[in-house]
Structures are given as C-alpha cells and as structure tokens.
Amino acid sequence: MTPLTLGASGFVVLLFMMATRIPIGLAMLVVGAVGMMLITGPMGILNGLKTLPYEHFSSHTLSIIPLFLLMGQFAARAGLSRAMFQAANDWLGHRRGGLAMSTIGACGAFGAICGSSLATAATMTKVALPEMERQGYRGSLATGALAAGGTLGILIPPSVVLVIYAILAEQNINEMFAAALVPGLLAVFSYMLAISLYVRFFPDSAPSKAKASRSERWRSLLEVWPGAAIFIVVIGGIYTGIFTPTEAAAVGAVSTGALAITKGGLRWSGLRDCVLETAVTSAMIFFIVLGASVFNSFLALTQLPQMTAGWIVGLEISPWVVLAGILLCYLVLGCFMDSLSMILLTVPIFLPIVTGMDFGMPATDVAIWFGILALVVVEVGMITPPVGLNIFIIHSMAPRIPLTETFKGILPFLAADLIRIILLVLFPAISLGFVYLIN
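Residues numbered from 1 in each chain as written. Predicted model: local features only at pLDDT ≥ 70, side-chain atom pairs only at ≥ 80, totals over all residues. Heavy atoms only, no water.

Looking at this model, I keep getting lost on the overall build of the protein. Mind explaining?
Looking only at helices and strands, the protein features 20 helices and zero strands. Overall, the C-alpha framework of the protein stretches about 70 × 50 × 45 Å when taken along its three principal axes. Going through the 439 residues of the protein one by one, you find that 54% of them count as buried. Considering only residue pairs separated by 6 or more positions, the protein has 80% of its internal contacts joining residues 24 or more positions apart. As displayed, the protein has an accessible area near 18,300 Å², and 70% of this comes from carbon and sulfur atoms. Looking at charge distribution, the protein has the averaged site of its 21 positive side-chain charges lying 15 Å from that of its 19 negative ones. (Helix = DSSP H or I, 4+ residues; strand = E, 2+ residues; numbered from the N terminus. Buried < 20%, exposed > 50% of the residue type's maximum accessible area, 1.4 Å probe, protein only. Contact = heavy atoms within 4.5 Å. Areas by Shrake-Rupley, 256 points an atom, 1.4 Å probe, with all protein chains shown as cover. Lys, Arg positive; Asp, Glu negative; His and termini not counted. Charge placed at Lys NZ, Arg CZ, Asp CG, Glu CD.)

How should I be thinking about the pattern of salt bridges in this particular structure?
Side-chain pairing between opposite charges can occur once the charged atoms of the two side chains come close. All chains considered together, the criterion is met by seven salt bridges. Among the ionic pairs, R400 bridges to E133, the shortest N-O distance being 2.8 Å. Highlighted residues: R400 in the loop between α18 (389-397) and α19 (403-426) and E133 in helix α7 (residues 117-134), separated in sequence by 267 residues. Its relative accessible area of 52% is what places R400 among the exposed residues. Across the salt bridge formed by E379 and R420, the nearest N and O atoms sit 2.8 Å from each other. With E379 in helix α17 (residues 363-381) and R420 in helix α19, this pair connects stretches of sequence that are 41 residues apart. Judged by relative accessible area, R420 falls into the buried class, the value being 1%. A cluster of three or more residues bridged by salt bridges with shared partners is formed by R77, R272 and D273. (Salt bridge = Lys/Arg side-chain N within 4 Å of Asp/Glu carboxyl O.)

Please explain the packing of aromatic side chains as it appears in this structure.
Here the distance between the centres and the angle between the planes together describe a pair of aromatic rings. A full pass over the atoms with the stated rule returns eleven aromatic pairs. Measuring from centroid to centroid gives 5.2 Å for Y239 and F434, while their planes differ by 85°, and the two rings are edge-to-face. Taken together, the residues Y239 in helix α11 (residues 214-240) and F434 in helix α20 (residues 429-438) connect sequence positions 195 residues apart. Classification of F434 as partly exposed rests on a relative accessible area of 22%. (Phe/Tyr/Trp six-rings, centres within 6.5 Å; stacked < 30°, edge-to-face > 60°.)

I would appreciate a short explanation of the packing of helix α4 (residues 64-77) against helix α6 (residues 98-114) in the present structure.
When two helices pack together, their arrangement is given by the angle between their axes and by how far apart the axes lie. At a closest axis distance of 8 Å, the pairing of α4 and α6 adopts a crossing angle of 135°. Accordingly, the angle class assigned to the pair α4 and α6 is oblique. Contacts between α4 and α6 involve F68, M71, G72, A75 and A76 from the first element and F110, I113 and C114 from the second. Grouping the amino acids of the contact of α4 with α6 by side-chain chemistry returns seven nonpolar, one polar and no charged. (Axes fitted to C-alpha atoms, helices over the stretch in contact; angles between N-to-C directions. Parallel < 35°, antiparallel > 145°, perpendicular 65-115°, else oblique. Nonpolar A, V, L, I, M, F, W, Y, C, P; charged D, E, K, R; others polar.)

Looking at this structure, I do not really get α7. What am I missing?
Given 3.6 residues per turn, any residue in an α-helix points the same way as the ones three and four places further on. Compared with the 26 Å implied by 1.5 Å per residue over 18 residues, the 25 Å span of α7 between its first and last C-alpha is a close match. Considered for burial, the residues of α7 that qualify are S117, T120, A121, A122, T123, M124, T125, V127, A128, L129, E131 and M132. Remark: G136 follows α7 within two positions and exhibits a positive phi of approximately 90°. (Expected span 1.5 Å × (residues − 1).)

Looking at this structure, I do not really get the packing of helix α13 (residues 268-302) against helix α16 (residues 339-355). What am I missing?
Remark: α13 packs on α16, axes separated minimally by 10 Å, with the N-to-C direction vectors making an angle of 20°. As summarised for this structure, α13 and α16 are arranged roughly parallel, according to the angle between their axes. Every pair of crossing elements has a handedness; the one defined by α13 and α16 is right-handed. Contact residues: I285, I288, V289, A292, F295, N296 and L299 in α13; L340, S341, L344, L345, P348 and I349 in α16. Taken together, the residues of the contact of α13 with α16 sort by class into eleven nonpolar, two polar and no charged. (Left-handed = near helix turned anticlockwise from the far one by under 90°.)

Got a minute to help me understand the side chain of T103 in this structure?
Counting through the fold element by element, T103 comes out in helix α6. Judged by its relative accessible area of 0%, T103 is buried. Residues contacting T103, with those up to four places away along its chain left out, are F85, A128, M132 and L146.

Please clarify how the nonpolar core should be interpreted in this entry.
Buried together is how nonpolar side chains tend to be arranged in soluble globular proteins. Residues I65, Y165, Y330, F370 and F413 are the most contacted members of the largest nonpolar core, which totals 151 residues. Ranked by residues supplied to this core, first place goes to helix α10 (residues 173-201) with 14 residues. Those residues within four positions of Y330 in sequence are excluded, and the remaining contacts are M342, T346, V347, F350, F370, A374, V377 and V378. (Core = buried A, V, L, I, M, F, W, Y, C linked by side-chain atoms within 4.5 Å.)

Quick question: what am I supposed to make of helix α3 (residues 42-57) here?
For α3, spanning 16 residues, the distance from its first C-alpha to its last is 23 Å, which sits close to the expected 22 Å at 1.5 Å a residue. Those residues of α3 not exposed but buried are G44, I45, G48 and L52. Along its buried surface, α3 packs onto α2 (24-40) and α13.

Sorry if this is basic, but what is going on with the confidence of the model for the protein here?
A low pLDDT means the predicted coordinates there should not be read in detail. Across the protein, the average pLDDT comes to 83, with 98% of residues at or above 70. Mean pLDDT across the secondary structure elements of the protein bottoms out at helix α14 (residues 304-314), with 72, and peaks at α10, with 91. (pLDDT = per-residue confidence, 0-100.)

Would you take a moment to explain the environment of L418 for this structure?
On the secondary structure map, L418 appears in helix α19. Placed 342 residues apart in sequence, L418 and A76 show a C-alpha to C-alpha distance of 31 Å.

Explanation requested: the side chain of Q171 in the structure shown.
Turning to its location among the elements, Q171 is positioned in the loop between α9 (160-169) and α10. Judged by its relative accessible area of 15%, Q171 falls in the buried class. Engagement of the side chain of Q171 in a polar contact is seen with the backbone oxygen of A169, the distance being 3.2 Å. Setting aside anything within four residues of it in sequence, one finds Q171 in contact with A166, M176, T364, A367 and I368. (Polar contact = N/O pair within 3.5 Å; in protein donor to acceptor, adjacent residues only side chain to side chain.)

What follows is the structure, given as structure tokens:
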C-alpha cells in the first residue's frame, strides 16, 4: 500500500471511528499512531510521541486556553450572564421580540468573555428561557434564539477555537481576533434583524412588554459596566499592543475572579470548582490537540494534504467553486462534530488548498479570511438540522419544548447566516479591514 493510499484509508477509518462514538481525540491518536508505525516502523511513532507532547504543551501560546476558560468560569460566578441579559432586556424588551433580541445581545456579550459556544448556549438558557416562557414567547422562537445566540461564543473574540486555528495556520492571534470582531458584531445584528422580521410575520410568537423606566435602564447598565470594562481592557490591550494575548487572558482571568469575589459569587468551594472545571476542559482540549498533532504528522508523511491541494489546483476549477465546496463540507460536518474537532481535523487539509489558489490576495490574508469563514460556517453547522449540537444542548435543558419546535425556530437564523456567509465571501474586507487598521 502506497503512503498516499494509506493516508486516504486512515481518513476513512477515522470517520468510521467517529461514527461509532469513539472520542475524536482518541480516534485521531490511534489512527495517526498506527499509520505512522506502518510508514516509519515502531521507533518512528515512539520518537514522535517522545517529542510531540512536549513541543505542543510547553508552548507559551497554549496557556491562553486555560486562562480564557477560567475567565469564563469566573464570569459565570460573577453573575455577568444574568446582568447582561437584564440590561439588554431593559433597553430592548419593550419592543416586539425584544426579549429574544436581548437574548442575542446577552449571548454576544457573554460569549465575548466565555469564548465557548456550548457554554454560552447552556448558561444563557438557564438565564433567559424562563423569562421568555413567563412572558408568553413561543417555544420555537425562544429556543431558536438561544441556539443561534450560543454560536456567538466561538466567533466574538476572545475565542478558544480562534486561538487553535491561529496556532494551526501559524497566524498572528492578534490579527485573528481583529479579523473576527466585525463579523461577530455583524452576526449579532443579523440575528436581531431576523427576529424583527420574524415577529412581523408572526406577531403572536413574541408579545411586547411595558417599557422599563429610565432609572431602571441606567441602573442595569451600572450592573454590567465591570464586565464591559474587563472586555475593553482585554481586547483593547491586545489590539493596541499593550498586552500579548496570553497576558491579556491572565489580566482577564484575574479581573473576573476579583469581580466574582466582590459580587459574592465566589468562595473557596466555588474557586475549587472553577479551577477543576477549567482543568477538565483544558485537558480535554489538549488531548484533542495531541491526537490531531499525531494524526496530522501521519498525514504529512503520506503527503495526502499536499497531493490533494496540488490535484485540486491542477484541475483549474474556479477558486470560488472550491471554496464553496469546502464551506459546504463544514456545514455537513457541523451536524455531527463540535467546532474544535472540525477545525483540528480539516484545517491541515483545507488550508493548503485555499492558500494555493488565487483569490487576488496575499496568502497570509487568505489564511486569515478563510479562518473567519471556517469559524462562521462551523458555528452555523452547530445549529443545522438534523443534529446541531447547540440545539441538543438546549433541548436537554428544556425537554418540555419539542425538538421539532426548536428546528422550526432556527430557520430564520439560518437564513440570516446564509446571507452573512455570502457577504463575507464576496467582501473579504469585512474580515480584513480591521486587521489593516491596527497594523
């Protein structure tokens, strides 16, 4: 069996193992290790396992992941999710559909601190769903808004998945954060617009409520200003060069921890839980990274990514057709896989293809632009029927609302996502404009 055939077979075996519910980190590690052993012999894989873990996990850059995860844990303990939702509700709740819009706004704000799609969806479901049900919102709109809003956690910086992509693609993390900011804000706006249009056609799905007084509005803003200040310091520090991303993550974790202590939501037992949860999640991410590293080393030995990229470029197909096919693959994979696994599995194969084609931009700009596109389509995949991980997270927390209702409620947001993807593809400046501005 030639190395190329072995690489293709390994990929098929990996997909089969994933289909049988074997954890993707373990599946990639096993397939990669066996494949490397077949090519280089037992000593090759042993030498690889001796050096690969140290090379990856001793990296100063990777320390940003547990720090941002800890920041998200502290933010939840500080009650920032509830405060953000209440502030958005006081300012937007009197409009028809305003409570769902408030949910989107709060998801975007909390996702900016949390950095995780599933965590954002789960946290905001606890906060917002009871209030929407109390006010008579139709279940489809309520759960649809929560599922869509949860996806903002991996796009609006700081984002753990964005950090992983930057490391894989060897791109500057600051520039990746800058590239994601405008598309993230565009996502928030497009979801709110989708809600506004939806309630015009179905006014009984979202009743309006009395307008909050001016004093209530300003009081709610006072509750969220510490969280907003932390976000501005962290992101502003990164963009202005005052902090490196790792330093900014440390500042954010310490600041949110201090805020949680001040708010009374963090005691010794809570601190222990936050640290343990961060450690467990970080270990899971790092294990997936290790598995992906071994699998990608195996693929590199087989030359499968390079040969595939060369073959597709040699076909002289329009780069835009190839890009559309890749984005469609992400949509399909998003129905069955989480965002981190998708990025780790596909970027080593898709990125050489995209950067090897002529999109009228330098290869570095293409890598940044493609990273944002990949993240956007990955997040859409997490709410795409028939699976959609975010949808099932919310259904597990609110089983009283039929799953079919949630799938109906997600359709307006999928339409908004489709339009947003088209805009990002046609106008790369939406992603790259802010990158040029800070450089």
